Amino acid sequence: MFSDNEDVALAGANASAEAEDEGGSSESKERKLDLVHNFGLQELDFMDKAGFKEYVMLGIPKWTGYQKQLLQDANSFLTKDKKLSEEDIAEEIKKWKKGLNEFIKYVIKQWKNSNHLLGQML
């Protein structure tokens, strides 16, 4: 990372060929990460680790239903010889839930070392 007022030089950049900033002094510039700024993400100040766990526990049944519906919808586009049986769909859901649980454990383990952002609501 860099400080707010640090000049960042990219490899191969030619300072003399670059246009001078028209916005005043570099002291008044506000630096933002492109992804955070461009997608209008806001930091989640209100959610702590316990709140995240509760959100996830309430969300898993709904998300599992969405995943199952996605698999069933995708199944309707497959040819007869490639269609998934109900057992295959159940197995895929089981694998998906295992991956989701691994991700949730990772996020909880890394909670203090990460920022938590939420996109703008449409």
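Residues numbered from 1 in each chain as written. Predicted model: local features only at pLDDT ≥ 70, side-chain atom pairs only at ≥ 80, totals over all residues. Heavy atoms only, no water.

(A) Representation of the packing of helix H2 (residues 49-75) against helix H3 (residues 86-109) within the structure. Two elements in contact, H2 and H3, have axes whose closest approach is 10 Å; the angle formed by their N-to-C orientations is 155°. Taken together, the axes of H2 and H3 lie roughly antiparallel to each other. The interaxial crossing formed by H2 with H3 has right-handed handedness. Facing H2, whose interface residues are Lys49, Phe52, Lys53, Val56, Ile60, Trp63, Thr64, Gln67, Lys68, Leu71, Gln72 and Asn75, H3 presents Glu86, Ile89, Glu92, Ile93, Trp96, Lys97, Leu100, Asn101, Ile104, Val107 and Ile108. (Axes fitted to C-alpha atoms, helices over the stretch in contact; angles between N-to-C directions. Helix = DSSP H or I, 4+ residues; strand = E, 2+ residues; numbered from the N terminus. Parallel < 35°, antiparallel > 145°, perpendicular 65-115°, else oblique. Left-handed = near helix turned anticlockwise from the far one by under 90°. Contact = heavy atoms within 4.5 Å.)

(B) Structural view of H3. Spanning 24 residues, H3 covers 34 Å between terminal C-alpha atoms, matching the ideal 34 Å at 1.5 Å per step. Among the residues of H3, Ile89, Ile93, Leu100, Ile104, Val107 and Ile108 are the ones counted as buried. (Expected span 1.5 Å × (residues − 1). Buried < 20%, exposed > 50% of the residue type's maximum accessible area, 1.4 Å probe, protein only.)

(C) Spatial organisation of the environment of Val107. Following the sequence through the fold, Val107 ends up in helix H3. Overall, the relative accessible area of 15% leaves Val107 in the buried class. Sequence-wise, Val107 and Lys49 are 58 residues apart; in three dimensions their C-alpha atoms are separated by 9.3 Å.

(D) Local environment of a negative patch on the surface. The grouping of Glu86, Glu87, Asp88 and Glu91 at the surface amounts to a negative patch. In this structure, Glu91 sits in helix H3. The exposure class assigned to Glu91 is partly exposed, which follows from its relative accessible area of 39%. (Patch = residues over 30% accessible without salt bridge, like charges linked within 9 Å, V, L, I, M, F, W, Y side chains within 5 Å. Areas by Shrake-Rupley, 256 points an atom, 1.4 Å probe, with all protein chains shown as cover. Salt bridge = Lys/Arg side-chain N within 4 Å of Asp/Glu carboxyl O. Lys, Arg positive; Asp, Glu negative; His and termini not counted. Charge placed at Lys NZ, Arg CZ, Asp CG, Glu CD.)

(E) Summary view of the packing of aromatic side chains. Taken as a whole, this structure holds two aromatic pairs when the rule is applied. Judged by centre distance (5.7 Å) and plane angle (65°), the ring pair of Tyr55 and Trp63 falls under edge-to-face. (Phe/Tyr/Trp six-rings, centres within 6.5 Å; stacked < 30°, edge-to-face > 60°.)

(F) Representation of the pattern of salt bridges in the model. All told, the structure shown has two salt bridges when counted by the stated rule. In this structure, Lys95 engages Glu92 in a salt bridge whose closest nitrogen and oxygen atoms are separated by 3.1 Å. Taken together, the positions of Lys95 and Glu92, both in helix H3 and three residues apart, correspond to about one turn of that helix. Here Lys95 falls in the partly exposed class, since its relative accessible area comes to 47%. A relative accessible area of 32% means that Glu92 is categorised as partly exposed. Among the salt bridges present, the one from Glu102 reaches Lys98, with a minimum N-O distance of 4.0 Å.

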